[in-house]
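This is what each chain is made of:
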Amino acid sequence: MERSARLGRDGEDVAAAYLRRSGWRVLARNWRPADRAVRGELDLVAVDRTELVVCEVKTRGGVGAGPPAAAVTPRKVAQLRRLAAAWLAEHPGHWRTVRFDVIGLVWPPAALAPSIEHRRDVV
């Protein structure tokens, strides 16, 4: 597995563990809709108290290209909204609210652990 794919997978592992330590329940990881007309993947779907939270995870080996959360463009936001609607259609529940968060991790090659920035309600 190439470094960038491994870095992304490891970042998602760290983000999921971070949410669990914060008392959240992770419902899905790397979820793809059954309807192939809706393309893409949700990194993490979790519950924070009574809110359903869709978390986009961005992991970088440095900040040369800017902070990881800056990679969540308006196009990505639109995709996340479509995917969240598909997730809700496949998993009906009584969610009062749906929130979109971004978890950005910076994990330089020599570091043992990444720095984590959690931006809530970004969309």
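Up top is the structure these notes are about.
In this report, the structure presented in the accompanying data block is examined.

Calculation notes
- Residues numbered from 1 in each chain as written.
- Predicted model: local features only at pLDDT ≥ 70, side-chain atom pairs only at ≥ 80, totals over all residues.
- Heavy atoms only, no water.
- Helix = DSSP H or I, 4+ residues; strand = E, 2+ residues; numbered from the N terminus.
- Rg over C-alpha atoms; globule rule 2.2 N^0.38 Å.
- Buried < 20%, exposed > 50% of the residue type's maximum accessible area, 1.4 Å probe, protein only.
- Contact = heavy atoms within 4.5 Å.
- Areas by Shrake-Rupley, 256 points an atom, 1.4 Å probe, with all protein chains shown as cover.
- Lys, Arg positive; Asp, Glu negative; His and termini not counted.
- Charge placed at Lys NZ, Arg CZ, Asp CG, Glu CD.
- Pairing = 2+ DSSP bridges.
- Axes fitted to C-alpha atoms, helices over the stretch in contact; angles between N-to-C directions.
- Salt bridge = Lys/Arg side-chain N within 4 Å of Asp/Glu carboxyl O.
- Core = buried A, V, L, I, M, F, W, Y, C linked by side-chain atoms within 4.5 Å.
- Expected span 1.5 Å × (residues − 1).

## Topic: the overall build of the protein
From N to C terminus, the protein includes 2 helices and 5 strands. Mapped in sequence order, the helices and strands of the protein form the string α-β-β-β-α-β-β. The C-alpha radius of gyration of the protein comes to 14 Å, within 12% of the 14 Å expected for a compact globule of 123 residues. For the protein, the spread of C-alpha atoms along the principal axes amounts to about 45 × 30 × 25 Å. The 123 residues of the protein split such that 39% are buried. For the protein, the share of sequence-separated contacts (at least 6 apart) that also reach a separation of at least 24 residues comes to 57%. For the protein, the computed accessible surface area is about 7,100 Å², with 52% contributed by carbon and sulfur atoms. For the protein, the separation between the mean place of its 21 positive charges and that of its 14 negative charges on side chains is 1 Å.

## A short note on unusual backbone geometry
Of note, the phi angle at Asn30 is positive, near 50°, even though the residue is not glycine. Of note in this structure, Arg49 is not a glycine but carries a positive phi near 55°. The topology assignment puts Arg49 in the loop between strand 2 (42–48) and strand 3 (51–60). Classification of Arg49 as exposed rests on a relative accessible area of 70%.

## Remarks on the sheet that holds strand 5 (residues 115–119)
Ordered in space as 1-2-3-4-5, the 5 strands form an open sheet in which the pairing is mixed. Strands at the two margins of the open sheet, each flanked by one partner only, are strand 1 (25–31) and strand 5. Between one strand axis and the next, the sheet turns by 25° as a mean value, whatever way the strands run. Pairing analysis gives 10 bridges linking strand 3 to strand 4 (residues 97–106), with the strands arranged parallel.

## Topic: the pattern of salt bridges
Opposite charge on two side chains makes pairing possible when the charged atoms of those side chains draw close. This structure, assessed with the given rule, holds 11 salt bridges. The shortest N-O distance in the salt bridge between Glu41 and Arg32 comes to 3.4 Å. Where Arg99 meets Asp101, a salt bridge forms, and the shortest distance between an N and an O atom there is 2.9 Å. Because the salt bridges share partners, they merge into one network encompassing Asp48, Arg49, Glu51, Arg99, Asp101 and Arg120.

## Side note on the nonpolar core
Counting 13 residues, the largest nonpolar core has Trp31, Leu42, Val45 and Trp87 as the members making the most contacts within it. Put simply, the parts of the chain that give this core at least two residues each are strand 1, strand 2, strand 3 and helix 2 (74–90). No other element matches helix 2, which puts 5 residues into this core. With residues near it in sequence (within four places) discarded, Trp87 still touches Leu27, Ala28, Trp31, Leu42, Val45, Leu52 and Trp95.

## Topic: helix 2
With 17 residues, helix 2 should cover 24 Å at 1.5 Å per step; its first-to-last C-alpha distance of 25 Å lies within 8% of that length. Along helix 2, the positions that sit buried rather than exposed are Lys76, Val77, Leu80, Leu83, Ala84, Ala86 and Trp87.

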